[in-house]
Amino acid sequence: MASTSKQYKAIGEDIWKGRTEKINSELFALTYGALVIQLIQDYEDFAEVNKQLEKMGYNIGTRLIEDFLARSAIGRCADFKEVGEVVAKVGFKSFLNITPIVTHAAPPPAASSRTSTPAPQSNAVGSSFTLTLDENPLVEFVELPEDALEGGLWFSNVLCGVLRGALEMMQVQATFISDVLRGDETTEIRVTLLKYLEEEVPVADD
Amino acid sequence: MSHHLYLLSPSDTPLYSLTHYSSKPAQATVTSPLASNLPSWSTSAFAGTLTALSGATSATQPHHVQGGTVRVGGGQDRHVIQMIANASLDVIEEVVRKENAMYLKSVDKFNEWTVSAFVTPGNMKFVLLHEARNDDGIKAFFNDVWELYVKTMLNPFHTAHTPIRSPVFDSRVRASAKKYL
């Protein structure tokens, strides 16, 4: 069911409005901040903290996708491009009330030349989309200190994990490209398609 | 005309200090009674204060005096300022018991220096040493600093009651000082 971008926006808006249990954003930001600080104190290594945040996000994502599919009743996406649209306009909107901007990128040419069956362009392994977050509720009051900047901490890395977990049906890789907390211009997450599991049966369609 | 701001935790630990030189013209400054007797080279900003320290007794009872001797050199001004700020803490605590407002106007006077204080609900003390009267500006400045302080406290990377080292906080306080003082 190919919906237009506007329809996705409307769906996302409806789900957000329809939610009865919302949480105070300050409480949310402070809780997440305390969590990151605790991880830093426990692991003392920023790369390890990044990994742990991603793992936590992964666990959240695998559960979140069920909730999302139940509420949004969106059918299968035709291609990876549509996945990006749905994630940004419906997914992020309904859970965080933000709508990141999606930019799509085709797979790099060299990689797809070795595949035996020519898959459609936007489903090819290696195609990706980039989410640009102009606002991020997790980093409401945060300022990174010197050592976190040098250690390479991605403060909102949990979001990457959530994306990976939610898109479990296809193997994706989600990583941060830039982050305003680290002094960059924008906050960007790149989601790359690694493998497409053709055999997946759509859920409950009898 | 200079201003000295100190942020103190409830246990009187200094968390932040700032010296701001105002470009605004000084309002009618109170000339120290001793200044007129001294040669012109000694009427620096601290001349009245230093002379008072070296011999005469002052109205307040400073309990952080560095021996009684005045050390010559640039560093001593800093010590004098800090001493005045510390001395005013006793007075601030007294006033806090009586008054309910956050902005305690000028709580103390030491020769040409007036000490204004602002006590937050969390018992943080903001102490400002200044020479001229500027109640409205200072009140606005204190409120601004309070807001900035609250925002810094909400940063998860900041531990409560530790010195504030954030460059963002520093630049914003300076901008606010420029605006109001």
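The structure displayed is predicted, hence computed values, not measured ones. (Residues numbered from 1 in each chain as written. Chains lettered and ligands numbered in written order. Predicted model: local features only at pLDDT ≥ 70, side-chain atom pairs only at ≥ 80, totals over all residues. Heavy atoms only, no water.)

K.L.:
Explain the overall build of chain B here, please?
P.N.:
For chain B, the count of helices and strands is four helices and five strands. Looking at the 181 residues of chain B, the share that counts as buried comes to 41%. Long-range pairs, those at least 24 residues apart, make up 58% of the contacts in chain B with a sequence separation of at least 6. With the model as given, the accessible surface of chain B reaches about 9700 Å², and the carbon-plus-sulfur share is 55%. (Helix = DSSP H or I, 4+ residues; strand = E, 2+ residues; numbered from the N terminus. Buried < 20%, exposed > 50% of the residue type's maximum accessible area, 1.4 Å probe, protein only. Contact = heavy atoms within 4.5 Å. Areas by Shrake-Rupley, 256 points an atom, 1.4 Å probe, with all protein chains shown as cover.)

K.L.:
Explanation requested: helix α2 (residues 25-43) of chain A in the structure shown.
P.N.:
Given 3.6 residues per helical turn, the α-helix brings residues three or four places apart onto the same face. Residue and element names in this part refer to chain A. Over its 19 residues, α2 runs 27 Å from end to end, which matches the ideal 27 Å to within 8%, given 1.5 Å per residue. Those residues of α2 that fall on the buried side of the exposure criterion are Ala29, Tyr32, Gly33, Val36, Ile37, Leu39 and Ile40. Seen from one end, α2 has its buried residues packed into an arc of 160°, which puts them on one side. One side-chain oxygen at the N-terminal end of α2 lies 2.7 Å from the backbone nitrogen of Glu26; it belongs to Asn24. The first or second residue beyond α2 is Glu44, which carries a positive phi of 60°. (Expected span 1.5 Å × (residues − 1). Arc of directions from axis to C-beta. Polar contact = N/O pair within 3.5 Å; in protein donor to acceptor, adjacent residues only side chain to side chain.)

K.L.:
I tried to follow unusual backbone geometry on my own but got confused; where do I start?
P.N.:
Residues and elements named next belong to chain A. The phi torsion at Asn97 lies on the positive side, around 60°, for a residue other than glycine. Note on placement: Asn97 falls in the loop between α4 (80-96) and β1 (101-105). We classify Asn97 as partly exposed; its relative accessible area is 28%.

K.L.:
What exactly am I supposed to notice about the packing of aromatic side chains here?
P.N.:
For any pair of aromatic rings, the description rests on two quantities: the centre-to-centre distance and the angle between the ring planes. Following the criterion strictly, the structure yields 13 aromatic pairs over all chains and no others. On the basis of an interplanar angle of 15° and a centroid distance of 5.5 Å, the ring pair of A:Trp154 and A:Phe176 is categorised as stacked. Highlighted residues: A:Trp154 in the loop between α6 (146-151) and α7 (158-166) and A:Phe176 in strand β3 (residues 170-178), separated in sequence by 22 residues. Here the two residues A:Trp154 and A:Phe176 agree in accessibility, since each one is buried. For the ring pair B:Phe126 and B:Tyr149, a centre distance of 6.0 Å and an interplane angle of 80° mean the geometry is edge-to-face. (Phe/Tyr/Trp six-rings, centres within 6.5 Å; stacked < 30°, edge-to-face > 60°.)

K.L.:
Can you help me understand the sheet that holds β1(A) in this one?
P.N.:
Adjacent strands of a sheet form backbone hydrogen bonds with each other and so pair up, either parallel or antiparallel. Residue and element names in this part refer to chain A. Strand order across the open sheet formed by four strands is β1-β2-β4-β3, with antiparallel pairing between neighbours. Sheet topology places β1 and β3 at the edges, where each strand pairs with a single neighbour. Between one strand and the next, the sheet's axes are offset by a mean angle of 20°, whatever the strand orientation. Sheet topology note: the β3/strand β4 (residues 187-196) ladder contains eight bridges and is antiparallel. The partner of Val172 across the bridge, within β4, is Leu193. In this fold α4 packs onto β1, β2 (128-133), β3 and β4, with an angle of close to 20° to the strand it touches most, β2. (Pairing = 2+ DSSP bridges. Axes fitted to C-alpha atoms, helices over the stretch in contact; angles between N-to-C directions.)

K.L.:
Explanation requested: the sheet that holds strand β3 (residues 103-110) of chain B in the structure shown.
P.N.:
Residue and element names in this part refer to chain B. The strand order across the open sheet built from five strands is β2-β1-β5-β4-β3, with neighbouring strands paired in antiparallel fashion. Each edge of the open sheet carries a strand with a single partner, namely β2 (14-21) and β3. Going from strand to strand, the sheet's axes swing by 20° on average, the running direction of each strand aside. Bridge count for β3 against strand β4 (residues 113-119) is six bridges, and the pairing is antiparallel. Paired with Lys109 across the two strands is Thr114, which belongs to β4.

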